[in-house]
Amino acid sequence: MSDLKVAIAGAGGRMGGANIRAVTATPGIVVATAFDRAGAPAIGKDAGGTEPIGVIVTDDVNAALTGVDAILDFTAPANSVALANEAARRGLIHIIGTTGCTEADEAAIAAAAANGARIVMAGNFSLGLNLLLGLVKQAAAALPGFDIEILEMHHNKKVDAPSGTALMLGEAAAAGRNITLKDHSERGRDGHTGARQPGSIGFASLRGGSVIGEHKVILAGASERIELNHIADNRALFAEGAVRAALWARDQRPGLYSMADVLGFN
Ligand code: NAD
């Protein structure tokens, strides 16, 4: 089988760089093109940065998507929706790590998947975190009376809150309780809020320094507390998961998949 040719979206970004390093280190997949938004500092430079790979970052999306099999996309919601439509039109694999998408963005991405794109979308591509989702669902189901709070911390450049991962953990807890997260989440408390809503799932977001991603799910009962933690030490783990997803999607039919599908947890 020939190597899977990927286009790296947001090549100059933190995850873009991690994705380039992960693809370069993995047999069977190559960086064919790399692109970023017009005016981004990476345009015109080698995508490998200090370790050149012979691929120049372009702002010409059409050129970057021509002749490739897959897009690795950790960028911004509007761009990910536009790329999903391109993936549908061109029959590409589209790996979406972008977080902060609205319901309308997610609906547009699902429509692109129904129209011919093979999309794997996840708020977190790490193996450990995806395993934790199952544990959270199980704990939430087993401890119906416990209050669930989700605490996350990320670096000071992160633009969306709560994190995509915190929302995935919230969805897992809601699934364990057979409720919808949308109708039961408490986001950010400030001032005279009144007592905690029984059965709600609370979120708190901390931002600072260079923290890559830390999540804690707290299940608080009347006289005991369980805390389930995940700490990402390195961005490489997300990129390795994204590469694994791209190689897995090669053998799938068009559709919308999660990391749990890739890892066989479903
Ligand atoms: P970043 O700001 O370092 O990089 C984003 C890159 O996307 C930048 O280079 C930016 O110029 C580029 N970009 C923005 N709009 C674009 C467009 N229209 N066309 C092409 N490129 C465009 O951010 P980051 O830390 O790399 O994170 C990127 C996204 O990935 C965020 O949504 C973040 O939350 C998410 N993320 C997801 C996971 C996961 O496992 N799913 C892990 C880490 C980060």
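Everything here concerns the structure above.
Here goes a summary of the coordinates provided. (Residues numbered from 1 in each chain as written. Predicted model: local features only at pLDDT ≥ 70, side-chain atom pairs only at ≥ 80, totals over all residues. Heavy atoms only, no water.)

## Section: the pattern of salt bridges
By the definition in use, this model includes 10 salt bridges. In this structure, the salt-bridge partner of glutamate 149 is arginine 196, at a minimum N-O distance of 2.7 Å. Separated by 47 residues along the polypeptide, glutamate 149 in strand 7 (residues 147-154) and arginine 196 in the loop between strand 8 (185-187) and strand 9 (201-207) bring together distant segments of the chain. Using a relative accessible area of 23% as the deciding quantity, one classes arginine 196 as partly exposed. For aspartate 160, the salt bridge identified is with lysine 158, shortest N-O distance 3.1 Å. Using a relative accessible area of 15% as the deciding quantity, one classes aspartate 160 as buried. Through salt bridges with shared partners, a single ionic network connects Asp147, Glu149, Glu186, Arg189 and Arg196. (Salt bridge = Lys/Arg side-chain N within 4 Å of Asp/Glu carboxyl O. Helix = DSSP H or I, 4+ residues; strand = E, 2+ residues; numbered from the N terminus. Buried < 20%, exposed > 50% of the residue type's maximum accessible area, 1.4 Å probe, protein only.)

## Considerations on the site of the ligand
What surrounds the ligand is a group of 19 residues, the closest being Arg14, Met15, Asp36, Thr99 and Lys158. At a separation of 3.0 Å, an oxygen atom of the ligand approaches a polar side-chain atom of arginine 37. Considered on its own, the ligand offers 860 Å² of accessible surface; in the complex 80% of this is hidden by protein. Looking at the shell around the ligand residue by residue, the class counts come to five nonpolar, 10 polar and four charged. (Near = heavy atom within 4 Å. Polar contact = N/O pair within 3.5 Å; in protein donor to acceptor, adjacent residues only side chain to side chain. Areas by Shrake-Rupley, 256 points an atom, 1.4 Å probe, with all protein chains shown as cover. Nonpolar A, V, L, I, M, F, W, Y, C, P; charged D, E, K, R; others polar.)

## Quick notes on the sheet that holds strand 5 (residues 93-96)
On the basis of which strands lie adjacent, the open sheet formed by seven strands has the order 3-2-1-4-5-6-12 and parallel pairing. Both outer strands of the open sheet, strand 3 (57-58) and strand 12 (255-257), are each paired with one neighbouring strand and no more. With four bridges joining them, strand 4 (residues 70-73) and strand 5 adopt parallel strand pairing. In the sheet register, isoleucine 71 faces strand 5, and the bridge partner there is histidine 94. (Pairing = 2+ DSSP bridges.)

## Section: the sheet that holds strand 10 (residues 214-220)
The sheet built from five strands is open, its strands ordered 8-9-7-10-11 with mixed pairing. Strands at the two margins of the open sheet, each flanked by one partner only, are strand 8 and strand 11 (225-231). Neighbour-to-neighbour, the strand axes of this sheet turn through a mean angle of 20°, independent of strand direction. Relative to the sheet, helix 5 (residues 127-142) contacts strand 7, strand 10 and strand 11, its axis offset from that of strand 11 by approximately 165°. (Axes fitted to C-alpha atoms, helices over the stretch in contact; angles between N-to-C directions. Contact = heavy atoms within 4.5 Å.)

## Description of the side chain of serine 126
Note on placement: serine 126 falls in the loop between strand 6 (118-121) and helix 5. Looking at serine 126, the relative accessible area reads 1%, which means it is buried. Here leucine 129 takes part through its backbone nitrogen, which lies 3.0 Å from a polar atom of the side chain of serine 126. Apart from the residues lying within four places of it in its own chain, the contact partners of serine 126 are His230, Leu237 and Phe238.

## Points about the environment of alanine 161
When you line up the elements, alanine 161 lands in the loop between strand 7 and helix 6 (164-177). Here the alpha-carbon distance between alanine 161 and leucine 206, two residues 45 residues apart in the chain, equals 9.0 Å. Apart from residues lying up to four places away in sequence, alanine 161 is in contact with Glu152, Arg187, Ser205 and Arg207.

## Quick word on helix 6
Given a rise of 1.5 Å per residue, 14 residues ought to cover 20 Å, and the 20 Å separating the end C-alpha atoms of helix 6 matches this to within 8%. Burial runs high along helix 6: 11 of the 14 residues are buried. Considered for burial, the residues of helix 6 that qualify are Gly164, Thr165, Ala166, Met168, Leu169, Gly170, Ala172, Ala173, Ala174, Gly176 and Arg177. Buried residues belonging to helix 6 abut helix 5, strand 7, helix 7 (181-184), strand 9 and strand 10. (Expected span 1.5 Å × (residues − 1).)

## Digging into the packing of helix 1 (residues 14-24) against helix 8 (residues 236-249)
Following both chains from N to C, one finds helix 1 and helix 8 inclined at 60°, their axes separated by 8 Å at the closest point. Between helix 1 and helix 8, the angle falls in the class oblique. Seen along the crossing, helix 1 lies across helix 8 with a hand that is right-handed. Residues Met15, Ala18, Asn19, Ala22 and Val23 of helix 1 form the contact with helix 8, whose own contacting residues are Phe238, Ala239, Glu240, Ala242 and Val243. (Parallel < 35°, antiparallel > 145°, perpendicular 65-115°, else oblique. Left-handed = near helix turned anticlockwise from the far one by under 90°.)

## Quick look at the side chain of serine 80
Within the element layout of this structure, serine 80 appears in helix 3 (residues 77-90). Residue class for serine 80 comes out buried when judged on its relative accessible area of 0%. In this view, serine 80 contacts Asp73, Thr75, His94, Ile96 and Thr98; residues no more than four positions away in its chain are not counted.

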